[in-house]
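These are the residues of each chain, in order.
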Amino acid sequence: MTQDTVIEIHDLNKWYGHFHVLKHINLSVHQGERIVICGPSGSGKSTLIRCINRLEEHQQGTIVVEGTELTRDLKNVTDIRKNVGMVFQGFNLFPHLTILENLTLAPTWVRQMPEKKAKKMAMDFLARVHIDSQAHKYPGQLSGGQQQRAAIARALCMNPRIMLFDEPTSALDPEMIKEVLDVMTELAEEGMTMICVTHEMGFARTVADRVIFMDAGEIIEEAPPQDFFTNPTFDRTQLFLSQIL
Ligand code: ADP
Ligand code: MG
């Protein structure tokens, strides 16, 4: 593990009952690296990134995040979740809270941040994702793209050092995809370490340092985007790309 490795996954295996969902996964992620994971539905992409912040438990192998190994030890889980933000396909905002309240909830309750400071910080992040004018509305009053940007701002309020995205644009109408990808691109440019499950191959080409292709619970191929797209090594990758590009 080199000094700037922030995530180190070694021979990770996971089963759902008898179903072997993740098979011998090895992955190192460096500080500031941008990784895109793609692959067919059911290949284990969500399960893999959910293991990284322990939304799922693994049975074999090791996952070390910023020097802390993910085990049953709850203290380690809490430590890691402090540093790892996650954005899901559905926006998972609390519908009965305003956007601003959605953002200040965790900082004030989990971090015991004073209300005023939390509000100021939340407004700053809402401005960064260009929806500060929507702060006092409820999620249902916002477009899908605005809700997803609010969800990104909410994750950023916990001051994460790593961001995990699980198909953040796949529930959005086409005209809203770009505004969310633009925010993710800005975050990448600021140096955030990011793992993004997405089939937005334009984003992968321009933002990713490495593209990973998963199929049937395995990492089949990983390469910088220029190699991945022009010269995929494996038939399964070629087939997948021919279907989505
Ligand atoms: P992807 O994100 O690549 O579409 P997932 O990680 O969601 O794939 O799922 C991988 C496989 O594991 C799928 O076959 C899915 O049906 C199965 N799976 C996902 N979650 C569970 C669960 N909680 N229990 C049992 N099987 C699951
Ligand atoms: Mg998924």
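Computed from a prediction, not measured in an experiment: that's the story for all the values here.

Undergrad: Outline the overall build of the protein chain, supporting the account with residue identities and numerical values.
TA: The secondary structure content of the protein chain amounts to nine helices and ten strands. Carbon and sulfur atoms make up 51% of the accessible area of the protein chain, which totals about 11600 Å². Distance between charge centres in the protein chain, computed from 24 positive and 31 negative side chains, equals 7 Å.

Undergrad: For the sheet that holds strand 5 (residues 68-69), give the residues involved together with the corresponding values.
TA: With respect to topology, four strands assemble into an open sheet ordered 2-1-4-5, the strand pairing being antiparallel. In this open sheet, the two strands that pair with only one neighbour each are strand 2 (19-30) and strand 5. The pairing of strand 1 (residues 5-16) with strand 4 (residues 60-65) spans five bridges and is classified as antiparallel. Looking at the pairing, H10 lines up with T62 of strand 4.

Undergrad: With reference to specific residues and values, describe unusual backbone geometry.
TA: In the Ramachandran plot, R54 falls in the positive-phi region, its phi being about 65 degrees despite a non-glycine side chain. Tracing the backbone shows R54 in the loop between helix 1 (45-52) and strand 4. In this structure R54 comes out as buried when scored by relative accessible area, which is 12%. The backbone of E167 sits at a positive phi, close to 45 degrees, despite the residue not being glycine. Along the chain, E167 falls in the loop between strand 7 (162-166) and helix 6 (174-189).

Rules and cut-offs
Residues numbered from 1 in each chain as written. Chains lettered and ligands numbered in written order. Predicted model: local features only at pLDDT ≥ 70, side-chain atom pairs only at ≥ 80, totals over all residues. Heavy atoms only, no water. Helix = DSSP H or I, 4+ residues; strand = E, 2+ residues; numbered from the N terminus. Areas by Shrake-Rupley, 256 points an atom, 1.4 Å probe, with all protein chains shown as cover. Lys, Arg positive; Asp, Glu negative; His and termini not counted. Charge placed at Lys NZ, Arg CZ, Asp CG, Glu CD. Pairing = 2+ DSSP bridges. Buried < 20%, exposed > 50% of the residue type's maximum accessible area, 1.4 Å probe, protein only.

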